[in-house]
Amino acid sequence: MNSFFKQNTFSIVYAFFLGVMPLVVSSSITVWVMFHEATIHQFDLPTWTMVYAAASLTMAFALTPTTFVALLSGYFLGWQALIPVCVSYWLASWIGFVMAAKIDGGRLLNALEERKGVKELLQNLQKQEFKIILLARLSPVLPFAVSNLLFSCSGAKLKNFLTAGFIGMLPRTLLSIWVGTQAKEIKALIEHPSEGAVVQVAIILMIGISLYGLFSIVRKAIGE
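Rules used in this analysis
Residues numbered from 1 in each chain as written. Predicted model: local features only at pLDDT ≥ 70, side-chain atom pairs only at ≥ 80, totals over all residues. Heavy atoms only, no water. Helix = DSSP H or I, 4+ residues; strand = E, 2+ residues; numbered from the N terminus. Buried < 20%, exposed > 50% of the residue type's maximum accessible area, 1.4 Å probe, protein only. Contact = heavy atoms within 4.5 Å. Areas by Shrake-Rupley, 256 points an atom, 1.4 Å probe, with all protein chains shown as cover. Patch = residues over 30% accessible without salt bridge, like charges linked within 9 Å, V, L, I, M, F, W, Y side chains within 5 Å. Salt bridge = Lys/Arg side-chain N within 4 Å of Asp/Glu carboxyl O. Axes fitted to C-alpha atoms, helices over the stretch in contact; angles between N-to-C directions. Parallel < 35°, antiparallel > 145°, perpendicular 65-115°, else oblique. Left-handed = near helix turned anticlockwise from the far one by under 90°. Nonpolar A, V, L, I, M, F, W, Y, C, P; charged D, E, K, R; others polar. Phe/Tyr/Trp six-rings, centres within 6.5 Å; stacked < 30°, edge-to-face > 60°. Polar contact = N/O pair within 3.5 Å; in protein donor to acceptor, adjacent residues only side chain to side chain. Expected span 1.5 Å × (residues − 1). Bend = angle between axes of the 7 residues up to and from the residue.

1. Section: the overall build of the protein chain
Along the backbone of the protein chain there are 13 helices and zero strands. In sequence order, the protein chain lays out its α and β elements as α-α-α-α-α-α-α-α-α-α-α-α-α. Taking all 224 residues of the protein chain together, 39% fall into the buried category. Look at the contacts in the protein chain between residues 6 or more apart in sequence, and 82% of them connect residues 24 or more apart. Carbon and sulfur atoms make up 70% of the accessible area of the protein chain, which amounts to about 12,300 Å² in all.

Written as structure tokens, this is what we have:
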């Protein structure tokens, strides 16, 4: 166990960084947005293009949560934000996946496969790779940037990751943008993004479907 942590110290620390940083940076951005709301409403197309280009990087490196970006997009742009949000999500997924692969260099996968019984389990899970990625992305529980790291280090195929990940992210993306369009003021949106029975039921359903699906796949992989 100690050798495992020594071999993968940087990847583990990076995963921790990806999980914590969105809270820190998004809080700072929230304060700025609240004081400059009128200015943001005046942004033109080139400015919004730069915003979403920057968002692709900040989401990839866990500086801003994906839900945070979708909520603000819905608030300021309404449903016309759907395409730029989806494109920025896709780019963030690609950047996060590629960077994680460069950082890890296959060490985590090799370390896991050296452990007794793990290699066979991973091979069984890889048969259901597309479904696993889709279900993991569907759940709002697993942080976006952390899942980029995990799937990259576990040897997932980039094509499957981007395609299944996009499909899995779509339901909560639509939900977040819709919540943003319904908000009356920016402060209430950011402080209480999950208010309302419809939103809470939708979140519970997504988490439930994701957990049930992943549990079924893992149980089948263990039994094979």
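Don't stop here, the text continues.
2. Comments concerning a nonpolar patch on the surface
Together, Ile-83, Val-87, Trp-90, Leu-91, Trp-94, Phe-130, Leu-158, Phe-166 and Ile-167 make up a nonpolar patch on the protein surface, roughly 790 Å² of accessible area in all. Looking at the nonpolar patch, the elements that each hand over two or more residues are α6 (82–104) and α11 (158–182). When residues in the nonpolar patch are grouped by element, the largest group, five residues, is from α6. Tracing the sequence through the fold places Trp-94 in helix α6.

3. A few points about the packing of helix α5 (residues 66–77) against α11
At their nearest, the axes of α5 and α11 sit 6 Å apart, and the two run at 45° to each other. One element, α5, and the other, α11, form an angle in the oblique class. The interaxial crossing formed by α5 with α11 has right-handed handedness. Residue-level inspection shows Thr-66, Thr-67, Ala-70, Leu-71, Gly-74 and Tyr-75 of α5 in contact with α11, the latter providing Met-169, Arg-172, Thr-173, Ser-176, Ile-177, Val-179, Gly-180 and Thr-181. Tallied by class, the residues present in the contact of α5 with α11 amount to six nonpolar, seven polar and one charged.

4. What about the packing of aromatic side chains?
Tallied over the entire structure, the rule returns seven aromatic pairs. Judged by centre distance (6.4 Å) and plane angle (45°), the ring pair of Trp-48 and Phe-76 falls under tilted. With Trp-48 in helix α4 (residues 45–60) and Phe-76 in helix α5, this pair connects stretches of sequence that are 28 residues apart. Linked through ring pairs, Phe-43, Trp-48, Tyr-52, Tyr-75 and Phe-76 together constitute an aromatic cluster.

5. Topic: the packing of α4 against α5
One way to put it is that α4 packs onto α5 with a least axis distance of 10 Å and a crossing angle of 165°. Considering their axes alone, α4 and α5 lie roughly antiparallel with respect to each other. Between α4 and α5 the crossing geometry is right-handed. Here α4 contributes Trp-48, Tyr-52, Ala-55 and Met-59 to the contact with α5, which in turn contributes Thr-66, Val-69, Ser-73, Phe-76 and Leu-77.

6. Notes on the side chain of Asn-148
With respect to the element layout, Asn-148 can be found in helix α10 (residues 144–153). Relative accessible area serves as the criterion here: at 0%, Asn-148 is assigned to the buried category. A polar side-chain atom of Asn-148 sits 2.5 Å from a polar atom in the side chain of Arg-137. Excluding residues within four positions of it along the chain, Asn-148 makes contact with Ala-92, Ser-93, Gly-96, Phe-97, Ala-100, Arg-137 and Phe-161.

7. Considering α10
One full turn of an α-helix is made of 3.6 residues, so residues set three or four places apart face in the same direction. The buried count for α10 comes to nine of ten residues, which makes it a mostly enclosed element. Of the residues trailing α10, Gly-155 is marked for its positive phi of about 85°.

8. Considering the environment of Lys-187
You can see Lys-187 is positioned in helix α12 (residues 186–191). On a C-alpha basis, the gap between Lys-187 and Met-34 in space is 6.9 Å, while along the polypeptide they are 153 residues apart.

9. Structural notes on α11
Compared with the 36 Å implied by 1.5 Å per residue over 25 residues, the 35 Å span of α11 between its first and last C-alpha is a close match. Largest kink in α11: about 35°, centred on Leu-170, with the proline Pro-171 one to four residues after it.

10. Things to note about the environment of Ser-154
Looking at the element boundaries, Ser-154 is found in the loop between α10 and α11. Since its relative accessible area comes to 25%, Ser-154 is described here as partly exposed.

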